[in-house]
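# Breakdown of the fold
Each chain, written out:
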Amino acid sequence: MTHHSRSRVCSRTNTSDTRKSTIRLLSSKVNQTTISKETTPISRIPSELISAIQEPAARSILENIHYISVDMNGTDLLTSYVDLSSSNTDPNLPPLIFLPGFDSSVLEFRRLAPLLQKTCKHRIILLDLIGLGFTERKLMKGVLDYGPNGKRLHIMNFIDALFEKNKDQKVILCGGSLGGSSAIDFTLENPDRVSKLILIDAQGFIDGNGSRFLFSPLDKLGAMVLKSVWLRNIANKIAYFDKKKYATLDAMNIGRLHCFCEFWEECTLEFIKSGGYKLSKYISQIDVPTLLLWGQQDEILSINYLDQFEKELCHLKENNQLEAHRIEKCGHVPHLEQSQYTADAILNFLTSQ
């Protein structure tokens, strides 16, 4: 990364270092090319796995997944997204793009997005970044990068493809957990393209992932473990405060559905071995209005990280450009566990900043 160093003065000086049965897939037309639903990654997931999904909100998102062809270093990548434009949408406002966390998908925002859609005037887009969700995965080393650099490029090229008539389109980015890392990274590298930033229990202070030295066959085994029912069950439970209500079998099935896409294992490992994001030195360089949302009972990323964000972003607070919410009775995923509170906080932030 090449984030430029910058000093911030609050109560102290902080200097940063340099640095198929029920699925109705809609075709997308991009540059006069129609993408057939039969050729998309989600179409190859066994139909019985999709039919097993019970939550209406999840089924609704699945029914509204679109695909757009995004250029990635000369290779077209079928990219899955959900566009929740409505009669309320104002085309003059920057779109609100949601980025899911590590090994997740657009389904992560199944409860939040419909609540926002009711009254939000911004175009709402849920995006599966390269290597995530139901976006196409290809094994092309040296061409496709499944690490942070590739994800940053994918955000930019997706925006340019979707808004091809406006190559300078500004956006509002919202990321949960590792999706927050992607949002921070893109904002730091492209501050002229981001008007506001929304971070939900975001990963910003744990640099790297410590797994870049995985080698075969341990790497393959590691991916299989990530896909396993028992591990997904554990992750499902620690994600929530109210485990009985939210950590259900259906939630687990929804959370691992994308794992059955072609090349999921290989591309997940490519990200793990990339070394992940290293953002802690650069958080203080964020210079756009920012909303921080955090579950008070987060067992994955402690509420203490919210304090760190507030400390590093004190310059925004001094200019009334920072909002922070500690959400009670909530774990790592406020957008799933306290979706109405999260929606209200986002709507207030969009209209007040």
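The structure we're discussing is the one just above.
This text gives an overview of the structure that appears in the document. (Residues numbered from 1 in each chain as written. Predicted model: local features only at pLDDT ≥ 70, side-chain atom pairs only at ≥ 80, totals over all residues. Heavy atoms only, no water.)

On to the nonpolar core. Formed by 50 residues in total, the largest nonpolar core has its most connected members in Ile-97, Phe-158, Leu-173, Ile-184, Ile-286 and Phe-309. At 6 residues, helix H4 (residues 148-162) tops the list of elements feeding residues into this core. In this view, Ile-97 contacts Ile-125, Leu-127, Phe-158, Ile-159, Val-171, Ile-172, Leu-173 and Cys-174; residues no more than four positions away in its chain are not counted. Counting 42 residues, the second-largest nonpolar core is a separate cluster that includes Ile-42, Val-82, Ile-198 and Cys-330. (Core = buried A, V, L, I, M, F, W, Y, C linked by side-chain atoms within 4.5 Å. Buried < 20%, exposed > 50% of the residue type's maximum accessible area, 1.4 Å probe, protein only. Helix = DSSP H or I, 4+ residues; strand = E, 2+ residues; numbered from the N terminus. Contact = heavy atoms within 4.5 Å.)

As a further point, take the pattern of salt bridges. Evaluated as defined, the whole model comprises 11 salt bridges. Glu-55 is paired through a salt bridge with Arg-111; the nearest N and O atoms lie 2.8 Å apart. With Glu-55 in the loop between helix H1 (47-51) and helix H2 (56-63) and Arg-111 in the loop between strand S7 (96-99) and helix H3 (112-119), this residue pair connects regions lying 56 residues apart in the sequence. Notably, a salt bridge pairs Glu-310 with Arg-326, separated by 3.0 Å at the nearest N-O pair. Here Arg-326 lies in strand S12 (residues 322-327) and Glu-310 lies in helix H11 (residues 304-312), a separation of 16 residues in the sequence. The class for Glu-310 is buried, based on a relative accessible area of 17%. The partly exposed category is assigned to Arg-326, whose relative accessible area is 35%. Overlapping salt bridges, with partners in common, bring together Asp-307, Glu-310, Lys-317 and Arg-326 in one network. (Salt bridge = Lys/Arg side-chain N within 4 Å of Asp/Glu carboxyl O.)

Attention now moves to the packing of aromatic side chains. Any two aromatic rings considered together are summarised by their centre-to-centre distance and by the angle between their planes. Evaluation of the coordinates by the stated rule reveals 8 aromatic pairs. Geometrically, the ring pair formed by Phe-205 and Phe-309 is edge-to-face, given 4.8 Å between the ring centres and 70 degrees between the ring planes. Taken together, the positions of Phe-205 in the loop between strand S10 (194-200) and helix H6 (218-227) and Phe-309 in helix H11 put the pair 104 residues apart, joining distant regions of the chain. Like Phe-309, Phe-205 is buried. Cluster of aromatic residues (ring-pair linked, three or more members): Phe-205, Trp-294, Tyr-305 and Phe-309. The ring centre of Phe-349 lies 5.4 Å from the NZ or CZ of Lys-196, which sits over that ring. (Phe/Tyr/Trp six-rings, centres within 6.5 Å; stacked < 30°, edge-to-face > 60°. Lys NZ or Arg CZ within 6 Å of the ring centre and 35° of its normal.)

In terms of burial, strand S9 (residues 171-176) is a largely internal element, 6 of the 6 residues being buried. Across 4 bridges, the pairing between S7 and S9 is parallel. Its bridge partner being in S9, Phe-98 is matched across the sheet by Cys-174. With 6 bridges joining them, S9 and S10 adopt parallel strand pairing. Each residue of the ladder has a partner; that of Ile-172, found in S10, is Lys-196. Regarding topology, helix H5 (residues 178-189) serves as the crossover connection from S9 to the parallel S10, and that connection is right-handed. (Pairing = 2+ DSSP bridges. Right-handed = clockwise from strand over helix to strand, strands pointing away.)

The first and last C-alpha atoms of helix H14 (residues 339-352) sit 20 Å apart over 14 residues, in line with the 20 Å expected at 1.5 Å per residue. For H14, the set of buried residues is Ser-339, Thr-342, Ala-343, Ala-345, Ile-346, Leu-347, Phe-349 and Leu-350. (Expected span 1.5 Å × (residues − 1).)

Of all the positions in H2, only Ala-58, Ile-61 and Leu-62 are classed as buried. An end-on view of H2 places all buried positions within 100 degrees of arc, on one side of the element. Packed against the buried residues of H2 are H1, strand S5 (65-72), strand S6 (75-83), strand S8 (124-127) and helix H9 (249-256). (Arc of directions from axis to C-beta.)

A negative phi angle characterises most non-glycine residues, just as the trans form characterises most peptide bonds. In this model, Asn-73 sits at a positive phi of 55 degrees, which is unusual for a non-glycine residue. Accessibility expressed as a relative area gives 53% for Asn-73, which makes it exposed.

This part is about the environment of Asp-298. Within the secondary structure, Asp-298 is located in the loop between strand S11 (290-295) and H11. By relative accessible area, Asp-298 is classed as buried at 8%. If we ignore the near neighbours within four places in the chain, the residues touching Asp-298 are Asp-201, Cys-330, Gly-331 and His-332.

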